[in-house]
Amino acid sequence: MPPAPHSSSGSPTHPALTQSRAPYAEALEHAADRNSLFLSTPGHGGTSEGISAGQAEFFGEHTLSLDIPPLFDGIDLGSHTPKDEALRLAAEAWGARRTWFLTNGSSQGNRMAALAVGTLGSGVVTQRSAHSSFVDGIVLAGLNPGFVYPNVDEVNGIAHGVTPDSLRRAIRSHPEPVTAVYLVTPSYFGAVADVESLAEVAHSAGAALIIDAAWGAHFGFHPDLPASPVTQGADIVIMSTHKLAGSLTQSALLHLGDTEFADRLEPALARAFMMTASTSENAHLMASIDLARRELMTSTEAITDSLENIRQVRAQIEATDRYHLLSGEFLGHADVVDIDPFRLPIDITATGLDGHTVRKRLAEEFDIFPEMSTATTLVALIGIGKSPDIGRLIEALETLRLETAAQETTDAGSAAGDALPSLPMAGRLAMTPREAYFADSELVTAAEAVGRVSVSSLAAYPPGIPNVLPGEEITAETIGFLQAVAASPSGHVRGAVDPALETYRVVRN
Ligand SMILES: Cc1ncc(COP(=O)(O)O)c(C=O)c1O
């Protein structure tokens, strides 16, 4: 594994600027502590007066006073600002040439990445299990996508990553020159792909590599964690610091790697940032990223303790002999070179129930909220430094198992819910996603939709893999799958016209 990307020596031009500082958060606090007369936005003015009383009571007056808008003297106005320093520290921490703070999640980062690589050309190879925000980026940027399919564990309905060989084949079979590749690693289930080899394949074909590492912002901060993809040759890396790196929800990062594409991508990313960011970016979110980076860089001991804790949690689950973790099996797949220990994909088939029903009942009856479910699996994640009572989850699973077994005896039948059908293959791409998105459209019934070209992007959650892209023909198999997910206890389909998937928006013939 390559060395952790960080050094805590600070910048030579700013000797005091070390990784134990959080310059943006510090500047914000300083501004909030002054007795200033604010005659500007935000209207709450950082006080509990007037209609802000409810805000102050709910969030606390200090939280309000930190809500300082952009372009503020001493924080981010002008050059060499505390915000610039915070961005530089973040770039150094993750091993990037340049880093952007994002206040609209990795979703913003994916749209930025698509817009930026659009300046290289329109041919892009995309992992089919792309996050829907990258599909939106394809539409925005007018890209022409080809697909590389991830390895799929059919039994558990889990999509992993892609191998260098399958990427090479997908690049070769794309009808136009491929100028960028978009891949996701780690997966939703914690499987880590071989970024170094994938970068070699992309670069030798003349394509830039975007890594959607939304789930991997903590990688590279401990020798026992996978390396940061930024240090493994990726050109653009997107990370949701809010997912596992401890910052507030919606805060994220986009990194530009120090690669052969950096000179061309940097100005394109700067423009894409302007196009996707609010002009009133939220200060709490940016301070939260600054603080998360400081913690990751200075808390090696806490991460070590957390890793030890997670080993024990894993052992506790395995010791049940009923609810084993699938992570070990992942390493048998050709596309998986490592796993994220903080993700726990737990096989819950021993309960006699499907994963979606288990997840719903855990929430309703036991006040327990795992991250997601598949037909056979619950995925839990444990934030760094957290020590949740995993015994409580195991006990709840046991209660469900015993209840199901008793019911089966009474009913003389199976209480297990119906597993979802397996992921359908994509329909033919009849026009580019952008052409379809802007085409004249009409609403048709499910029966009429078969063979028609979709205007919408439809992604069944969980796990959120786009099943239909704008421009693709809708198949009967896909409609069956989407309707089954929509009817399952915790499923919904993003982009659907109606919740039961009875109608579809298609290109008018
Ligand atoms: C692979 C992947 N990329 C991007 C995103 C979007 O991240 P965010 O919620 O930070 O916008 C997600 C969200 O779950 C994701 O799973």
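Residues numbered from 1 in each chain as written. Predicted model: local features only at pLDDT ≥ 70, side-chain atom pairs only at ≥ 80, totals over all residues.

Asks: Teacher, can you tell me more about the site of the ligand here?
Replies: Within the structure, the ligand sits among Gly105, Ser106, Ser107, Asn110, His131, Ser133, Val184, Tyr188, Asp212, Ala214, Ser240 and Ala252. Residue composition of the shell around the ligand, grouped by class: 4 nonpolar, 7 polar and 1 charged. (Near = placed C-beta within 6 Å. Nonpolar A, V, L, I, M, F, W, Y, C, P; charged D, E, K, R; others polar.)

Asks: Sorry, what's going on with the packing of helix α4 (residues 82–94) against helix α11 (residues 283–298) here?
Replies: A pair of packed helices is characterised by two quantities: the angle between their axes and the separation of those axes. For the pair α4 and α11, interaxial distance at closest approach is 10 Å and the crossing angle is 40 degrees. One finds that α4 runs oblique with respect to α11. Here the hand of the crossing between α4 and α11 comes out left-handed. Across from Ala86, Leu89, Ala90 and Ala93 in α4, the residues of α11 making contact are Ile289, Asp290, Arg293, Leu296 and Met297. (Axes fitted to C-alpha atoms, helices over the stretch in contact; angles between N-to-C directions. Helix = DSSP H or I, 4+ residues; strand = E, 2+ residues; numbered from the N terminus. Parallel < 35°, antiparallel > 145°, perpendicular 65-115°, else oblique. Left-handed = near helix turned anticlockwise from the far one by under 90°. Contact = placed C-beta atoms within 7 Å.)

Asks: For this particular structure, what's the right way to read the domain arrangement of the protein?
Replies: It is common to give the size of an interface as the accessible area that goes away when the parts come together. On domain assignment, one finds that the protein holds domain 1 (104–277), domain 2 (301–411) and domain 3 (433–507). The C-alpha-based centres of domain 1 and domain 3 are spaced at 24 Å. Residue-level contacts link 12 residues of domain 1 with 12 residues of domain 3. With 4 residues, the single largest contributor to the side of domain 1 that touches domain 3 is helix α6 (residues 132–141). (Domains from an automatic or database assignment.)

Asks: Looking at this structure, I do not really get the packing of helix α5 (residues 105–117) against helix α10 (residues 262–276). What am I missing?
Replies: At a closest axis distance of 8 Å, the pairing of α5 and α10 adopts a crossing angle of 130 degrees. Here α5 is positioned oblique relative to α10, judged by the angle of their axes. Helix-helix and strand crossings are classified by hand; for α5 and α10 the assignment is right-handed. Contacts from Gln108, Arg111, Met112, Leu115 and Ala116 in α5 reach Leu265, Ala268, Leu269, Ala272, Phe273, Met275 and Thr276 in α10.

Asks: Sorry, what's going on with unusual backbone geometry here?
Replies: Most peptide bonds take the trans configuration, and most residues that are not glycine carry a negative phi. With an omega of -5 degrees, the peptide bond between Thr41 and Pro42 qualifies as cis. Relative to the assigned elements, Pro42 resides in the loop between α1 (23–33) and α2 (53–59). Of the consecutive residues Thr185 and Pro186, the connecting peptide bond is found in the cis state with omega at 5 degrees. Along the chain, the position of Pro186 falls in the loop between β6 (180–184) and β7 (191–192). If you check the backbone angles, Gln250 has positive phi at about 95 degrees while not being a glycine. Note on placement: Gln250 falls in the loop between α9 (241–244) and β10 (252–256). Its identity as a non-glycine residue notwithstanding, Leu501 has a phi of 60 degrees, on the positive side. Within the fold, Leu501 resides in the loop between β18 (492–494) and β19 (503–507).

Asks: For this particular structure, what's the right way to read the sheet that holds β6?
Replies: Strand order in the open sheet formed by 7 strands is β1-β10-β9-β8-β6-β2-β3, and the pairing between neighbours is mixed. Pairing within the sheet leaves two strands with one partner each, and these edge strands are β1 (98–102) and β3 (144–148). Neighbouring strand axes in the sheet, compared pairwise and without regard to direction, differ in orientation by 20 degrees on average. Where strand β9 (residues 236–239) meets β10, 4 bridges bridge the pair, whose relative direction is antiparallel. Bridge pairing links Ile236 to Leu256 in β10. On top of the sheet, α4 reaches β1 and β10; it is set at about 115 degrees to β1, its chief contact. Of the strands in this sheet, β1, β8 (208–212), β9 and β10 are in contact with α10, which crosses β10 at around 150 degrees. (Pairing = 2+ DSSP bridges.)

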